[in-house]
Amino acid sequence: MKKILPVLLLALFAAAGFALWQRQSGTASHNDPASLAPAGAIAFLVLPDLDATRARWPATALAKIGAEPEVRAFLEKPLALLRERLSKVQPSADLQALNPVSAFLVLASLEGNSPKWSGGFRHRATPEQLTAALKPAREEVLKKYPTGRTDIVQHGDTPIETFTADDFHLATASFKDWYFVANDTVLIQDMLDRAAHKSGTTPLATSQPFLAVRKQLPTRMESLIFLQPAAIVGRIKDVAVSGGQATKEDLAALEKIKAIGASTAFEGPLLRDSIYLLGADQKDAAKLARPAMALANPRTVLFLAGGISIPQKWSLPDAGLDRTGMLRTLEGILTDLEAAGLGPAVLAPAFGTEGALQIDWEPTSEYPALLATAEVRDRAVVSKLLNHLAATQGRTLPLSRAEESGAEVFRVSTGGLLPVSPTVALSDKRLFLLSDEKVLAAALAGNATPKLEAQPAFQQAMASLHPPTHTFVYFDLKSVFERAYGTVRPLLLFGAGFVPGLSKNADLTKLPSTEAVSKHLSPIVFSETADAEGVLMESTGPLTLNQFVILGGGGAILGQLQGLMAN
């Protein structure tokens, strides 16, 4: 679409978001917005029950953190500045008067550079309140397109107001307590027919892909995004392959996906993200054994387990696209391994199907320690691989080799210049990569005491997930926050006097204590599970794994806020 989405739609979802934070009385809508969207929709975004969302929010850990007096005192200044900036860009109407119950947005089709979209919200506003709330948005459209023309199209008993200017078109209509908007009059007419239960196009709510995805997601949710990606994949596949961004195999896997559903739900103090890929390649759906969990202990702040596989042949992106030269170096290493009789056909059966990454952070240690493991099925082949790499790639490194507890151990000395001592160890059953040789003995022993699995916090987090078949992640957000924030907070307080911008947008002397935030934190867990129809990815925690990654990590949240205020 050449033009940006109309200000009217921004007002629609601003009203929906605003309602999440207000305590209004009333009964939640029982009308399903999916019954208003077409079955062939490419994308469907819905906030299904804003009343319920508003009622559940205060119980979440994020809300409780925000309600802490120390946190409120610190955020007072940056939030005031944020509200001031937003007031200059959003319509000045009283959006609270709309009091929306639910809202949705649909991408109906892709036609050239002008996608067809529609949306709507259900509200409790009187006709006068609705007109007043939408007046600034209407005036903005008229200001942007002064030569546009307005018309009325009658559809049954409902008038549809249209506005057309050059290649810009907007249609709006009210039906009972629904307000609809689209950039195509036919889409409005179809929505009105579905709202009135007239025969016509099949609604999304009864389509097989939507029903198949919906049954895999939580019954109660705050938001839902539903995608049918075939049209998008069809448009990008030729460009992606010719440009080297994707292989034909990658796109073939995407083409198998019939639909994608992603939801977010509030469950007491926790948030839950669920993503279901209908038709995705399930590969081996056997339960993930996670043998490396035997090494995880209460000091483990991150544990990741997943399937590993060596391809039938080496396949790298076009080295010409890499300006760092790393791809060319890796290409040379793989070519050398082939020549040494260590190609994929030899290496693949030498390794098992699972690998794991673990990070431990001892209370007395300044830095965390990394431990990566992989199952080994043919020690002789893996030993040949390690010794070949040591001889060819490690010639310029201070590398030493030793035998310890029946394992081959390769160490790289850093001379005390770095807080790491890279170590590779090979036993009969496992290959280890460690950042600190101090944990080598425990790794070779293969059995941590006490175990992470025995901890109540871990067991409680696992109880809310399906048993993983593809990937599992455990992240101790509380421990990492306490260590990271406890380190950064004094530096911020000290640096406030040297960075004027920080003091301008936030009073760092009011930074909340570690305890004010950490007492509300708990682990984040992620599970990827396959069934007969597709793949389910779910995550729970004070933040979900997706949300944590998007925010850039725990301590970086304050940095994100600072960047927003600075801009």
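Residues numbered from 1 in each chain as written. Predicted model: local features only at pLDDT ≥ 70, side-chain atom pairs only at ≥ 80, totals over all residues. Heavy atoms only, no water.

This part is about the packing of helix H10 (residues 326–339) against helix H12 (residues 379–392). Two packed helices can be described by the angle between their axes and the distance between those axes. Closest axis-to-axis distance for the H10/H12 pair is 11 Å, and the angle between their directions is 125°. With respect to their mutual orientation, H10 and H12 come out oblique. For the crossing formed where H10 meets H12, the hand is right-handed. Of the residues in H12, those touching H10 at Ile333, Asp336 and Leu337 are Leu385, His388, Leu389 and Thr392. For the contact of H10 with H12, the class distribution of residues is four nonpolar, two polar and one charged. (Axes fitted to C-alpha atoms, helices over the stretch in contact; angles between N-to-C directions. Helix = DSSP H or I, 4+ residues; strand = E, 2+ residues; numbered from the N terminus. Parallel < 35°, antiparallel > 145°, perpendicular 65-115°, else oblique. Left-handed = near helix turned anticlockwise from the far one by under 90°. Contact = heavy atoms within 4.5 Å. Nonpolar A, V, L, I, M, F, W, Y, C, P; charged D, E, K, R; others polar.)

With that out of the way, let us pick up the pairing of strand S20 (residues 534–541). Taking burial as the measure, the eight residues of S20 include eight buried ones, the bulk of the element. Across eight bridges, the pairing between strand S10 (residues 270–278) and S20 is antiparallel. Paired with tyrosine 276 across the bridge in S20 is leucine 536. Of the strand pairs in this sheet, strand S19 (residues 524–530) and S20 are connected by six bridges, and their pairing is antiparallel. Pairing of glutamate 528 across the sheet is with methionine 537, part of S20. What sits between the antiparallel neighbours S19 and S20 is a turn of three residues. (Buried < 20%, exposed > 50% of the residue type's maximum accessible area, 1.4 Å probe, protein only. Pairing = 2+ DSSP bridges.)

What follows covers the packing of aromatic side chains. For the structure on display, the rule yields 14 aromatic pairs. Their ring planes at 40° and their centres at 6.3 Å tell us that phenylalanine 44 and phenylalanine 104 sit as a pair that is tilted. Taken as a pair, phenylalanine 44 in strand S1 (residues 43–47) and phenylalanine 104 in strand S2 (residues 102–109) lie far apart in primary sequence, 60 residues in all. Residues phenylalanine 44 and phenylalanine 104 agree in their burial class; the two are buried. (Phe/Tyr/Trp six-rings, centres within 6.5 Å; stacked < 30°, edge-to-face > 60°.)

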